[in-house]
Structure formats: structure tokens, C-alpha cells
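Residue-level listing of the chains:
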Amino acid sequence: MASTGGGRVRRRTVLGFAALAAAGFGASPALAGPPAVFEGRPTLVIVYETTPNPPRHLGVGTAIDWDRPGLTVELLKRVGERLQVNLAFKRVPWKRGLLMLETGEADGIFHSSYVAERESIGVYPKTAAGRPDQGRALFSQSYSLFVTRGSTVTWDGTAIGGLAGRPVGATAGYSVIADMERLGVPVEPGRAPELNLAKLAQGRLAACAELENLAGEIIRRDPVQYASVVKLEPPLVTKPYYLMLSRQFLMRDPGLANAVWSAIPEVRASRGFRELETLYADGG
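Residues numbered from 1 in each chain as written. Predicted model: local features only at pLDDT ≥ 70, side-chain atom pairs only at ≥ 80, totals over all residues. Heavy atoms only, no water.

Draft legend 1. Examining the overall build of the protein chain more closely. Check the secondary structure of the protein chain and you find nine helices and 12 strands. For the protein chain, buried positions account for 52% of its 284 residues. When contacts within the protein chain are restricted to residue pairs at least 6 apart in sequence, those whose partners lie at least 24 apart make up 72%. Within the structure as shown, the protein chain displays about 12600 Å² of accessible surface, and the carbon and sulfur contribution to it stands at 54%. (Helix = DSSP H or I, 4+ residues; strand = E, 2+ residues; numbered from the N terminus. Buried < 20%, exposed > 50% of the residue type's maximum accessible area, 1.4 Å probe, protein only. Contact = heavy atoms within 4.5 Å. Areas by Shrake-Rupley, 256 points an atom, 1.4 Å probe, with all protein chains shown as cover.)

See the structure below:
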């Protein structure tokens, strides 16, 4: 078991479901803990965004459906069980979640691809050489370029053409904005993927660069509004995604922080989690 730093470590109060309700959280599903509660062990606050990214996290808004929360929540629940650490999950808009990580209000956030500028906000798992440790990532996913049917916009895996000076939409705070800028593409950041895709469907953007699964779920939920929206191949970029941890958490308990990261690939490779992946893929 990883060290928790003895008596010198600042520990959050352990909150089970009854304690959450007593603390005033019972009226809202925004903050919730997994079923297992380990008395006397730390509680870590993990935040993730309110937009669904199936099958990694499901549902819209702040609510968490514990019967089917998504694969990343399932994975981290099992990490908590393995380390006997309590986890409290909270769903917030992405940029707010990054601020919570920076201030230490949250101990962790997912899913974060590696962006050098984010190292001032929180911490990634690293190799001995100081590079992001892809072996301890949560998973990998792709950004894709979405256009309207019949558009002149092209993507050949190297360059984007046919924009005619019009911008590409992307969600503010997402790493794909820097990728687009490196390609010399004008970017119009938007508050949420739904708003970007709506602007695309209305002809107000030349294209949208969004997470493939996330955008696909938005289109699936409203096939009429997005009937004209299509995805270009190949993906723009495929990246590993991490559980970033706060600098405050790493400083107060580096042993536990590294144990959390190291447990991720162990759980990911377990038979039980592979069976869960199959269930989610089958809609179960």
C-alpha cells in the first residue's frame, strides 16, 4: 500500500452517501462518491466535464448515473477500491474544472491530453526521463474534423484546405486549438461542442474540430439538426488522455499520487475491466 504521509498529511473528511447528504450535497447529484467507503482513508475529489464522451463518461450535466457512469468512472472507482481510497466525483464545465485543479479545490481531472502549458495548472504522470507516461494514461482518443455535406473543406492528413478564410470552430480550453493553430488555421473558440456544431450546421463556421466520440454523441442525439454534418477522415490527431492531479495533492502525498497513476494500467488490464469494456461496447 502506498504511503499516505502519516499524521502530517492534510486529509479531507471521508464522505459516504449519508455524510454527503448531511453536508448538504444530498439535494444535488453534482457531487457523489462511489459505493465503497474506507473509513480513516483519504477522500480525493475528481472532476470531469458535463458533456458526455461515450463510452468514457455518460449523461449530460452534473448528474452521475452510478448504474452506468462510463468507463473512466468505472476504472477510477476500481482504482479507489484497489488503494482503499475514497473518491468523490463532481461534474463541471471543463475550464472550471481546470481552475479547480489549479487552486487545489479538486485533486484530479480527466480527460486531459498533454499540453505543456497545463503543467502550470497540474501534474501528469511522468517517465523517469521526465516525459508524459503513456503507459499510465487512461486511454487514447481522436479529434476529427466535421464539415457540412458538400463542403469544399478538405483534410488529407497533413493540411486543411478549402476554408476560404473562414474559421474552424473548437471548444475553448481543448488542446486541439493549438493543433489547429500549428496548421495555420483560423480558429473560433466556442463555449461548448454543441454550440460549435450548431454554428457549423447553420453555415456560420467552415468546419469544427471536436473529439470524435463526443461530437458523434451530440449528432446522434439530434439527427435532424445535424443531418448535414459529416466527419472527414482520417482523424486530425490521436492522443493519450490522462488523469491530471493537482500540485497540492502531489506535494502533500506523492506516494499516493503515484500509486493512483500506477494503478490505472493495472485496472485497465484486469479481466473485470475488459469485461466492462465489452458490456459498454454492446450497450450494456
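Now that the structure has been shown, the text picks up again.
Draft legend 2. Main features of the packing of helix H2 (residues 71-83) against helix H9 (residues 271-281). At a minimum axis separation of 11 Å, H2 and H9 run at an interaxial angle of 160°. As the angle between them shows, H2 and H9 are arranged roughly antiparallel. For the crossing formed where H2 meets H9, the hand is right-handed. Residue-level inspection shows Leu71, Glu74, Leu75 and Arg78 of H2 in contact with H9, the latter providing Phe273, Leu276, Glu277 and Tyr280. (Axes fitted to C-alpha atoms, helices over the stretch in contact; angles between N-to-C directions. Parallel < 35°, antiparallel > 145°, perpendicular 65-115°, else oblique. Left-handed = near helix turned anticlockwise from the far one by under 90°.)

Draft legend 3. Main features of the packing of aromatic side chains. Summed over the entire model, instances satisfying the criterion amount to seven aromatic pairs. When the ring of tyrosine 48 is compared with that of phenylalanine 89, the centres are 6.4 Å apart and the planes differ by 80°; the resulting orientation is edge-to-face. Residue tyrosine 48 is found in strand E2 (residues 43-48), and its partner phenylalanine 89 is found in strand E3 (residues 86-91); the two are separated by 41 residues along the sequence. For tyrosine 48, a relative accessible area of 1% translates into the label buried. Note on phenylalanine 89: relative accessible area 0%, which makes it buried. Counting every residue linked through ring pairs, the aromatic cluster contains Tyr48, Trp66, Phe89 and Phe110. Here the guanidinium or amino end of arginine 56 rests over the ring plane of phenylalanine 139, the centre of that ring lying 4.2 Å away. (Phe/Tyr/Trp six-rings, centres within 6.5 Å; stacked < 30°, edge-to-face > 60°. Lys NZ or Arg CZ within 6 Å of the ring centre and 35° of its normal.)

Draft legend 4. Highlighting the nonpolar core. In terms of nonpolar packing, the biggest core is built from 82 residues, with Leu76, Phe89 and Leu145 touching the most fellow members. The leading source of residues in this core is helix H8 (residues 254-268), at eight residues. Those residues in contact with leucine 145 that lie beyond four places of it in its chain are Val153, Trp155, Ile160, Val168, Ala207, Cys208, Ala209, Val230, Lys231, Leu232 and Leu236. (Core = buried A, V, L, I, M, F, W, Y, C linked by side-chain atoms within 4.5 Å.)

Draft legend 5. Structural view of H8. Helix length check: H8, at 15 residues, gives a terminal C-alpha distance of 22 Å against a target of 21 Å (1.5 Å per residue), a fit within 8%. Every buried residue of H8 is accounted for by Leu256, Ala257, Ala259, Val260, Trp261, Ala263, Ile264 and Val267. Tucked into the core, H8 has its buried residues touching E2, H2, strand E12 (237-245), helix H7 (247-252) and H9. (Expected span 1.5 Å × (residues − 1).)

Draft legend 6. Region of interest: the environment of leucine 195. Relative to the elements of secondary structure, leucine 195 occurs in helix H5 (residues 193-201). On the basis of relative accessibility, which here comes to 38%, the residue leucine 195 falls in the partly exposed class. Distance from leucine 195 to threonine 171, taken between C-alpha atoms, is 8.9 Å for residues 24 residues apart in sequence.

Draft legend 7. Looking closely at the pattern of salt bridges. This structure, assessed with the given rule, holds 14 salt bridges. Ionic pairing is found between lysine 126 and glutamate 119, a salt bridge with its closest N-O pair at 3.0 Å. Judged by its relative accessible area of 28%, lysine 126 is partly exposed. A salt bridge links lysine 231 to glutamate 212, with the nearest nitrogen and oxygen atoms 3.6 Å apart. (Salt bridge = Lys/Arg side-chain N within 4 Å of Asp/Glu carboxyl O.)

Draft legend 8. Just helix H3 (residues 94-103), in detail. Buried within H3 we find Trp94, Gly97, Leu98, Met100 and Leu101. Looking down the long axis of H3, one finds its buried residues gathered within 160° of arc, a one-sided arrangement. On its buried side, H3 packs onto E2, E3, strand E4 (108-113), E12 and H7. Positive backbone phi, at 85°, marks glycine 104, one or two positions downstream of H3. (Arc of directions from axis to C-beta.)

Draft legend 9. Quick look at the packing of H2 against H8. For the pair H2 and H8, the least separation of the axes is 9 Å and the interaxial angle reads 120°. It follows from the interaxial angle that H2 and H8 lie oblique. You can see that H2 and H8 cross each other, and the crossing is right-handed. Counting all contacts with H2, which are made through Leu75, Leu76, Arg78, Val79, Arg82 and Leu83, the residues of H8 involved are Leu256, Ala259, Val260, Ala263, Ile264, Glu266, Val267 and Arg268. Looking at the contact of H2 with H8 residue by residue, the class counts come to 10 nonpolar, no polar and four charged. (Nonpolar A, V, L, I, M, F, W, Y, C, P; charged D, E, K, R; others polar.)

Draft legend 10. Expanded view of the environment of valine 147. You can see valine 147 is positioned in strand E5 (residues 139-148). Look at valine 147 and you get buried, because its relative accessible area is 2%. Expressed as a C-alpha distance, the spacing of valine 147 and leucine 200, which sit 53 residues apart in the sequence, is 7.1 Å.

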